[in-house]
Amino acid sequence: MKKEDVHLYDWKRILIGEAPWSFMLEVFIRTIIIYIFLIIAMRIMGKRMSAQLSIFELAIVVMLGAIISIPMQVPDYGLLVGIFILIIAVFLHRLINIISLKNPFFEKLTQGESSTILKNGELQLGEMKKVSLSRENLFANLRSKNVQHLGQISRIYLEPTGNISIFKFKDIHPGLSIMPDSDIDLKGHSNISSNYFACISCGRVEQGKIFSNQKCINCGSKQWTEAIQ
């Protein structure tokens, strides 16, 4: 488009570009056709596509969005090209799933695997750094599941879908509180254990007196707080 063709109050160009008004009806028809084929494609790909997605499945969804956008809106492109690309994407998705079922290594490569981010009430800081999961993000997830401190939890797994799986102890142990520091009233009513101290960094609990500058043997931090029973 040339500079002299651009006019500030050219509402037709602003609203629908260079296409005629009749193209709006064509867009309506194109959208319905692409929508039907997209629903069919999602059904063929399986129920996983409507659940929490892995990285591979998220990439497929983003690609599907890119595939369907141009055929719906651009008059210079026919629908068959978009539908053909959609069929190719569905075929690749099904092929990768079939290979993944037969090859565990390929499945881990494309789908990812679970990460253990807590063991016996202690955060696995190295694993959390590897998966880029912050303590506050994790604590917010735990609070939403009615967890008050790390001593309640035996294992936490970060699944390939991004979900967090929690396994609790049958008998609760002293642990690091995950309540917000700003909620002074709630922290004041917590059942504090004066004989147990928790590392603020990783949640490791030590029994007995903690000396000044004592390092946590798990993460090397020197910051401690009274554990919650």
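Throughout, a residue's number is its position along its own chain's written sequence, starting from 1. This being a predicted model, a pLDDT of at least 70 is required before a residue's local features are given, and a value of 80 or more before pairs of side-chain atoms are given or counted; all residues contribute to the totals for chains, interfaces and linings. Working from all heavy atoms in the structure, the side-chain values ignore hydrogens and water.

Looking now at the state of the cysteines. Put plainly, two cysteines are in a disulfide when a covalent bond ties their sulfur atoms together. Count a disulfide wherever a pair of cysteine sulfur atoms falls within 2.5 Å. On inspection of all chains with the given rule, the structure shows zero disulfides. As a non-bridged cysteine, Cys199 has Cys219 as the owner of its nearest cysteine sulfur, 3.5 Å distant. Under the scheme applied here, a residue whose accessible area is under 20% of the maximum for its type counts as buried, over 50% as exposed, and between as partly exposed, the area being computed with a 1.4 Å probe on protein chains only. Cys199 gets classed as buried once you look at its relative accessible area, which sits at 0%. Left unpaired, Cys216 is separated from the closest cysteine sulfur, that of Cys202, by 3.6 Å.

In this section: unusual backbone geometry. A positive phi angle is found at Ser132, which is not glycine, with a value near 60 degrees. Starting at the N terminus, helices and strands are each numbered in turn, a helix being any DSSP run of H or I of at least four residues and a strand any DSSP run of E of at least two. Looking at the secondary structure, you find Ser132 in the loop between helix H6 (125–130) and helix H7 (135–144). Positioned with a positive phi, Asn146 is a non-glycine residue whose angle comes to about 65 degrees. With respect to the helices, strands and loops of the structure, Asn146 is situated in the loop between H7 and strand E3 (153–158).

As a further point, take the sheet that holds E3. Spatial ordering of the open sheet is given by E2-E1-E3-E4, a layout of four strands whose pairing is antiparallel. The outermost strands of the open sheet, each flanked by one partner alone, are strand E2 (122–123) and strand E4 (164–168). Paired strands, as defined in this entry, are two strands with at least two bridges between them according to DSSP.

The next point concerns H7. Owing to its 3.6 residues per turn, the α-helix aligns residues three or four sequence positions apart on the same side. Turning to H7, its buried residues are Leu138, Phe139 and Leu142. Here the buried residues of H7 occupy an arc of 100 degrees about the axis, which is enough to place them on one side. Residues of H7 that are buried make contact with strand E1 (115–119), E2, H6, E3 and E4. The directions from the helix axis to the C-beta atoms are what the arc is built from. Here, residues are in contact when the closest pair of their heavy atoms is within 4.5 Å.

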